[in-house]
Amino acid sequence: GWAEAILGESARRMARLLAAIQLSIAPERIVLGGGIGLAPGMIGRLRAELDGLPALRRPDLAAAALGPRAGLAGAADLARPGTHDTEHLGRRPA
């Protein structure tokens, strides 16, 4: 029904975004969290969408270990003053 159509379209759009991220910054792994990323079956859907792509554009996907709390925990950790050097964010090692 309509919910399946929404999930399918979400997976297609997320897969395009993940492939672009993989091609542009080549992370070792992309960790997914949140309500959509951790929805039952979503990682499987994303892998199916990405399956036909060349390896260069196909990211290694993993579910966030903290589940739906991952984003909040990460934001809280980054918000603590003086605990993180954020100058390196967005840069690839030489």
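Everything here concerns the structure above.
If you're wondering where the values come from, they're calculated on a predicted model, not measured in any experiment.

Parameters and conventions
- All residue numbers here refer to positions counted from 1 along the written sequence of the relevant chain.
- Whole-chain, interface and lining totals are the exception, using all residues; otherwise, since this is a predicted model, local features are given only for residues with pLDDT of at least 70 and side-chain atom pairs are given and counted only at 80 or more.
- To obtain the side-chain values, all non-hydrogen atoms of the structure were included, while hydrogens and water were left out.
- In this description, a nonpolar core means a group of buried Ala, Val, Leu, Ile, Met, Phe, Trp, Tyr and Cys residues linked to one another through side-chain atoms lying within 4.5 Å.
- When accessible area is computed with a 1.4 Å probe and restricted to protein chains, residues below 20% of their type maximum are described as buried, those above 50% as exposed, and intermediate ones as partly exposed.
- Working definition: helices are DSSP H or I runs of at least four residues, strands are E runs of at least two. Numbering for both runs from the N terminus.
- The contact definition used throughout considers only heavy atoms, calling two residues in contact when any of these lie within 4.5 Å.
- In the sections that follow, a salt bridge refers to a side-chain nitrogen of Lys or Arg positioned within 4 Å of a carboxyl oxygen of Asp or Glu.
- Only the contacting stretch of a helix is used when fitting its axis, a line to C-alpha atoms as for every element, and angles between N-to-C directions run 0 to 180 degrees.
- Orientation categories follow fixed angle ranges, with anything under 35 degrees roughly parallel, anything over 145 roughly antiparallel, 65 to 115 roughly perpendicular, and all other angles oblique.
- Take the far helix as the reference: if the near one is turned anticlockwise from it by less than a right angle, the crossing is left-handed, and if turned clockwise, right-handed.
- Note that Gly is not counted as nonpolar here; it falls among the polar residues with everything else outside the nonpolar set of Ala, Val, Leu, Ile, Met, Phe, Trp, Tyr, Cys and Pro and the charged set of Asp, Glu, Lys and Arg.

What am I meant to see in the nonpolar core here?
For soluble globular proteins, nonpolar side chains are generally found buried alongside one another. Core analysis: the largest hydrophobic core is formed by 13 residues, its most contacted members being Leu-18, Ile-30, Leu-32, Met-42, Leu-46, Leu-50 and Leu-61. Mapped by element, the contributors of at least two residues to this core are α1 (2-25), β1 (30-32) and α3 (42-50). The element best represented in this core is α1, accounting for five residues. Other than its neighbours up to four places away in sequence, Met-42 contacts Leu-7, Ser-10, Ala-11, Ile-36 and Gly-37.

Hey, could you run me through the pattern of salt bridges in this one?
Side-chain pairs of opposite charge can arise where the charged atoms are in close proximity. Within this structure, the stated rule accounts for five salt bridges. With a closest N to O distance of 2.6 Å, Glu-4 and Arg-45 form a salt bridge. Remark: Arg-45 occurs in helix α3 and Glu-4 occurs in helix α1; sequence separation between them is 41 residues. Relative accessible area serves as the criterion here: at 45%, Glu-4 is assigned to the partly exposed category. Under the relative-accessibility criterion, Arg-45 is labelled partly exposed at 24%.

Please explain the packing of α1 against α3 as it appears in this structure.
Working note: a packed helix pair is described by the angle between its axes plus the distance between those axes. One way to put it is that α1 packs onto α3 with a least axis distance of 9 Å and a crossing angle of 60°. Judged by the angle between their axes, α1 and α3 are oblique. Note on packing geometry: the crossing formed by α1 with α3 is right-handed. Of the residues in α3, those in contact with Glu-4, Leu-7, Gly-8, Ser-10, Ala-11, Arg-12, Met-14, Ala-15, Leu-18 and Ala-19 of α1 are Met-42, Arg-45, Leu-46, Glu-49 and Leu-50. Partitioned by chemical class, the residues of the contact of α1 with α3 number nine nonpolar, two polar and four charged.

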